[in-house]
Each structure stands twice: as structure tokens, then as C-alpha cells.
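Each chain, letter by letter, is given below.
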Amino acid sequence: MSSREALIEFRHVDKSFNKPEHGEYQVVGDLNITVRENEFLVLFGPGQCGKSTILNMVAGFEMPTAGEVLCQGKPVLAPGPERGMVFQNTALFPWLTVMGNVEYGPKVQGVKKEERRKRAQRYIDLVGLQGFENSYPVKLSGGMQQRVGIARAYCNEPLVMLLDEPFGHLDAQTRYMMQDELTRIWQAEKRTVIFVTNNIEEAVYLADRILVLRNCPTGVKAEYDIDLPRPRNYTDPEFLRLRREIDRVVDHTL
Amino acid sequence: MQKKQKIRLDRYLFISVLSVCVGIFIWWLVTDGLGIFRSNVLPSPIKVFKTFLRKWVETKPDGATLFQHVFASLQVALGGYLIGAAIGIPLGIFMAWNDKIDMFVRPVFDLVRTIPGVAWTSVMVTLVGIGYMSKALVIFIAAMVAMVINSYSGIKQTKTVHLWVGQTFGASNWDLLTKVAIPSALPMIFTGLDVALGSAWTTLVAAELLASTKGLGFMIQQARGIFRLDIVIVGMVVIAITGAILSSILRFFQRKFVKGGRM
């Protein structure tokens, strides 16, 4: 593990919001995280503990109040194509087809039509949506929409994939299926992933490493390396033991 | 599923046709049928239909055939409407996208938008005289207001998260405008075009009542002066039908350009 390079770093990051109704409200306090290349990192924590804010700071949508976020050693100042995001509510463009959505990144980057179509097709196939290239997102089920979201983020070939509770809106059955899919995709397309969730089972199922976050202002409360082989088994004794152990550390006070 | 929708559509169509037939029947009943209204007060549907047919070739009493009137009206309405779209839509878009443009244009726009289109008629006639130009300008102002307002709110309603997506793909500010904000505003822009079409058409007729030598509004005005109510009604019906045709052409383009529905 230590041989891998650090891709993303949080150094003493504070984040506060100024809301008229709350006044100054600190969400993140002295957060220090190092994300290594090609690891599957899960940020796990209770409800509204600022997990999305952490991802938004990596993406460059929001800036830290103090401290700095580094990507490949350089401070993150704005969103950029090396950091791809998959949103909880998919955020697909409803006016574009599946193909239009997936090829969007390369298109904006000025990749020629033939080449970007080929690339987009590869990722559409990878997420299992062949045959739906010309469908509009509104016609797809929630799980399929999120597959499009994943393919779209992958197609731009970012260094790091940021997934913000991507399966939060899905029903339990689809959620299990999508966790399998994501594991498969991640193994086929090794890439650094930061995955945010409030579901312990999902965290243990997916992660190389889990960072357990505390309540606001959030920071890292505990860290777990998950060395179970993939694909994992939800009922494996070691799986269940880890799950119980992590559960004990989490703040249930919200 | 496609077939099912079609069957339902047919049923609705039947109801709509029925409603028109009932309307015409009641009209016939109170005129020719029961004789409640004499024909110089309210001409019967049959008389109006005869007048309608004759008016295609006859230039009396207003100096032009029905086709010439319709053509004149369409020329004015579409001229003003298209210029209104060409200026109003970009103006609304750039006002929404750029705060400085917004602050510069808004005070003038907010004043102009409250003035009914027809109110401009006298000003325009004084400025450019009775003719094509004065009417087209009045329509232009009337149509532009709806287009500016709707494209403006369409752009303003662009979801932040969609702009974020664009940014994570490295989109420039121009890309964000043309490839995220405008496509997402397109349904609203079409609503603007639709509303503007309505106001252009109604303003046209009003403007022609005041300043015209040809056109459907002028035809109605002339006929009213000599108590030819059959021609007045022909004019009204033709205005309604032409408006409906224009609006269905617009809907055709809307279906062609606005894809994917709402999520």
C-alpha cells in the first residue's frame, strides 16, 4: 500500500458555511486525508456529517475555509476533467440520449466524433447498457440512469472518480446489483475511487479502505483496511465481524 | 404502448370534433333554426360559410380578397414575430447569463414590458407612417417581451449540478452556456415562442383596426362600418384558424427540438 503514490491530499482542511438562519456553521474541522493511487476509498459516516462537502471540495465545487486540498500535489482551485463525479441524483442531461450523455466529456474536450463514439460505446458496454444508446434518460429506470452516470464519468477518463452516495435512491435489490457492477467495473478499469456512503454493508462490500467520519464538524474518526477478496460475501463471518466492529465506532447520536 | 396512446388520442379527437359541432349547431338553432336572431344581427353559420367562400374571389367591400388579407396579416405578424425572436431570445439568454447585461437592460425592459403592445401603435404610426413597418414594429415589441422573459427564466433555472457536471468535464464558460444552459432552457424558450405567437397575433389584429389598408383586422373594421356581420365573423374565424395553424407549426418544431422530457 505505502508504495502507491498519494493522489489526493487534505491538509488541515476546515469548511464553514455562512447560512443566514444558522450563522457560521462548521461542517469540516481539521480534516487530514491521503488518497492513494488506484485505491477504492470509502468515506463512511452518519447522515448529514459533511461527506458530500468533502467530495465537493475534491471536485472543486466548494473551497476550503482553511487548509488545502491537493490533487497530484497541486492545490484544487476549480473543477477539472481529471476529477470525475457521479452524483446521488444522477444529474444526467435529460435533453441528451445515453450516448449523448456518455460522450459529453470527450466532446467538450474536443475529441473527434468517431473516436469519442468508440470510447463512449466501450463504457456503455462496460456498464451493460448496449442497446440503450439512443434512449433518453427519462425512459430509464433508476439503476440504469446511475449506470449512465458512471459511464459518463468514466468516459472522460479522470484520474479519480468521486461517487456521492450514487446508490442512495435505489431500491435494495438494485443496490446490491449495482454494488456488484461497480466492483466489476472498478476491477476492469483500475482507477482511484472515493465513494461516499452512509450504509455500512455497502462500505465493507466495496472498500479497500474505509474512513469512518464523525459528526459535524467532521474529521476522520477511525480507519479500516479491508483485505477481503472480491467478489465479497455479505454473510461471510469476517465480513460480518468487520461490519459489527465499524458499527460500534459510528456516532449514532444524530 | 404506442398503439394504446393513439387510440386514446382518437377518442379525444372525437370529443373535440363533437364540441365544435355542438357549438355550430347551437349557432344555427338561434339563427336559421328558431329565428331568435335576425340575419342582420347575427348571420347564420350557413350564410357565413357562403360569404367565406365568396370572399376568396370578391374584393368588395374592402378592396381585397380574403387571401390578400390573410397574406398581408401573415406578412406583418411573422415579420415582427421573427425579428422579436431573433432579438428577444438572445437578449433574454445573455441577460440571464451576464449580470452586467442584466443590470444594463433590465430597467428599460421592466418599463417597456408593462406597456400593452397596441399602445405603441400611435407612436409607430407617427414615426414611420401607416404601413408595413409601423405594424411590424408594434408586433415586434409585443412578441419580444414574452420571449425575453421566458428565455431569461429558462437560463436562470439551469440546475447548478448540471453546470457542475459540465465543469468537471472541463467545459469553458461558452460551453456551459451553449451545451448546458441553453439546451436545458429550450423548453422554456419554446414556451416563450408560443406565448409570443399569441400576443403577436392578437396585437396584429388590434393594430390593423387602427392603422391599415389591408389585412384581416382591416377587413373586420371595414365590414363593421357597413353592418356586414357575416364578413366580421368570417374574419374572426379565419383569425382563429390561422392562429391555430401557426401554433401547430410551432409545436411541430418544439417536438423536433425539445427532446427527452423532464426528469
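Bear in mind the structure is a predicted one, so any value in this text is a computation, not a measurement. (Residues numbered from 1 in each chain as written. Chains lettered and ligands numbered in written order. Predicted model: local features only at pLDDT ≥ 70, side-chain atom pairs only at ≥ 80, totals over all residues.)

Draft legend 1. Summary view of the overall build of chain A. In terms of regular secondary structure, chain A is built from eight helices and 10 strands. Principal axes of the C-alpha set define a box for chain A whose edges measure 50 × 45 × 40 Å. Evaluated residue by residue, chain A yields a buried proportion of 44% over its 254 residues. (Helix = DSSP H or I, 4+ residues; strand = E, 2+ residues; numbered from the N terminus. Buried ≥ 20, exposed ≤ 12 C-beta atoms within 10 Å, placed from the backbone.)

Draft legend 2. The overall build of chain B, seen in detail. Check the secondary structure of chain B and you find 10 helices and zero strands. Secondary structure elements in chain B, listed N-terminal to C-terminal, are α-α-α-α-α-α-α-α-α-α. Within the span of chain B, comprising 263 residues, buried residues form 36% of the whole. Residue pairs in contact within chain B that sit at least 24 positions apart in sequence constitute 70% of those at least 6 positions apart. (Contact = placed C-beta atoms within 7 Å.)

Draft legend 3. A look at the sheet that holds strand 5 (residues 74–75) of chain A. Residues and elements named next belong to chain A. Strand order in the open sheet formed by four strands is 2-1-4-5, and the pairing between neighbours is antiparallel. At either end of the open sheet lies a strand with only one pairing partner, and these are strand 2 (23–36) and strand 5. Looking at chain direction, strand 1 (residues 6–19) and strand 4 (residues 66–71) are connected through five bridges and run antiparallel. Pairing of isoleucine 8 across the sheet is with cysteine 71, part of strand 4. (Pairing = 2+ DSSP bridges.)

Draft legend 4. View of the interface of chain B and chain A. With 19 residues of chain B at the contact, the number on the chain A side is 22 residues. Looking at the side of chain B that touches chain A, the elements that each hand over two or more residues are helix 7 (160–168) and helix 8 (173–210) of chain B. In terms of residue class, the side of chain B that touches chain A is made up of eight nonpolar, seven polar and four charged. (Nonpolar A, V, L, I, M, F, W, Y, C, P; charged D, E, K, R; others polar.)

Draft legend 5. Layout of the packing of helix 7 of chain B against helix 8 of chain B. All names here are of chain B. At a closest axis distance of 10 Å, the pairing of helix 7 and helix 8 adopts a crossing angle of 150°. The angle between helix 7 and helix 8 falls in the class roughly antiparallel. Crossing angle aside, the handedness with which helix 7 passes helix 8 is right-handed. Residue-level inspection shows His162, Leu163 and Gly166 of helix 7 in contact with helix 8, the latter providing Asp175, Leu176, Lys179, Val180 and Ser184. The class makeup of the residues in the contact of helix 7 with helix 8 is three nonpolar, three polar and two charged. (Axes fitted to C-alpha atoms, helices over the stretch in contact; angles between N-to-C directions. Parallel < 35°, antiparallel > 145°, perpendicular 65-115°, else oblique. Left-handed = near helix turned anticlockwise from the far one by under 90°.)

Draft legend 6. Spotlight on the domain arrangement of chain B. Domain annotation for chain B reports domain 1 (1–37) and domain 2 (45–257). A straight line from the C-alpha centre of domain 1 of chain B to that of domain 2 of chain B covers 29 Å. (Domains from an automatic or database assignment.)

Draft legend 7. View of the pairing of strand 6 (residues 83–86) of chain A. All names here are of chain A. Residue alternation in strand 6 divides its side chains into two sets, Arg83 and Met85 and Gly84 and Val86, and both sets are buried. Pairing analysis gives four bridges linking strand 6 to strand 7 (residues 160–164), with the strands arranged parallel. When the bridges of strand 7 are listed, valine 86 appears paired with leucine 163.

Draft legend 8. Representation of the sheet that holds strand 9 (residues 209–213) of chain A within the structure. Residue and element names in this part refer to chain A. Judged by pairing direction, the sheet is mixed, and its six strands sit side by side in the order 6-7-8-3-9-10 without closing on themselves. Only two strands of the sheet have a single partner each, and these edge strands are strand 6 and strand 10 (220–225). Across the sheet, the mean angle from the axis of one strand to that of its neighbour is 20°, orientation sign disregarded. Where strand 3 (residues 40–44) meets strand 9, four bridges bridge the pair, whose relative direction is parallel. In the sheet register, valine 42 faces strand 9, and the bridge partner there is isoleucine 210. Where helix 5 (residues 142–155) meets the sheet, it contacts strand 6 and strand 7, and its direction lies at approximately 175° from that of strand 6.

Draft legend 9. Fine view of the environment of glutamate 5 of chain A. All names here are of chain A. Assignment of secondary structure puts glutamate 5 in the segment before strand 1. Its 11 C-beta neighbours within 10 Å are what place glutamate 5 among the exposed residues. Between the C-alpha atoms of glutamate 5 and glutamate 37, which are 32 residues apart in sequence, the distance is 5.6 Å. With near-sequence residues (within four places) excluded, glutamate 5 lies in contact with Arg36 and Glu37.

Draft legend 10. Seen up close, the environment of glycine 100 of chain A. By the element assignment, glycine 100 of chain A lies in helix 2 (residues 98–102). Separated by 36 residues in the primary sequence, glycine 100 of chain A and tyrosine 136 of chain A have C-alpha atoms spaced 9.1 Å apart.

Draft legend 11. Layout of the pairing of strand 1 of chain A. Residues and elements named next belong to chain A. Here strand 1 runs beside strand 2; their pairing, made up of 10 bridges, is antiparallel. Paired with valine 13 across the strands is leucine 31, a residue of strand 2. Between the antiparallel neighbours strand 1 and strand 2 lie three residues.

Draft legend 12. Layout of helix 7 of chain B. Those residues of helix 7 of chain B that sit buried are Trp164, Val165, Gly166, Gln167 and Thr168 of chain B. Residues of helix 7 of chain B that are buried make contact with helix 1 (51–59) and strand 6 of chain A together with helix 8 of chain B. Just downstream of helix 7 of chain B, glycine 170 of chain B is the residue with a positive phi angle, here 80°.

Draft legend 13. Main features of unusual backbone geometry. All names here are of chain A. Residue proline 231 follows arginine 230 across a cis peptide bond; omega there is -5°. Relative to the helices and strands, proline 231 resides in the loop between strand 10 and helix 8 (237–249). Even without being glycine, asparagine 38 reaches a positive phi, approximately 65°. Its place among the elements puts asparagine 38 in the loop between strand 2 and strand 3. In this model, glutamate 157 sits at a positive phi of 50°, which is unusual for a non-glycine residue. By secondary structure assignment, the location of glutamate 157 is in the loop between helix 5 and strand 7. Accessibility expressed as a C-beta count within 10 Å gives 16 for glutamate 157, which makes it partly exposed.

Draft legend 14. Expanded view of the packing of helix 3 (residues 66–97) of chain B against helix 4 (residues 99–113) of chain B. All names here are of chain B. The geometry of helix 3 relative to helix 4 is characterised by a closest axis approach of 6 Å and an angle of 125° between their N-to-C directions. Classified by the interaxial angle, the pair formed by helix 3 and helix 4 is oblique. Within the contact between the two elements, helix 3 uses Leu91, Phe94 and Met95 and helix 4 uses Ile101, Asp102 and Val105. When the residues that make up the contact of helix 3 with helix 4 are grouped by side-chain class, the tally is five nonpolar, no polar and one charged.

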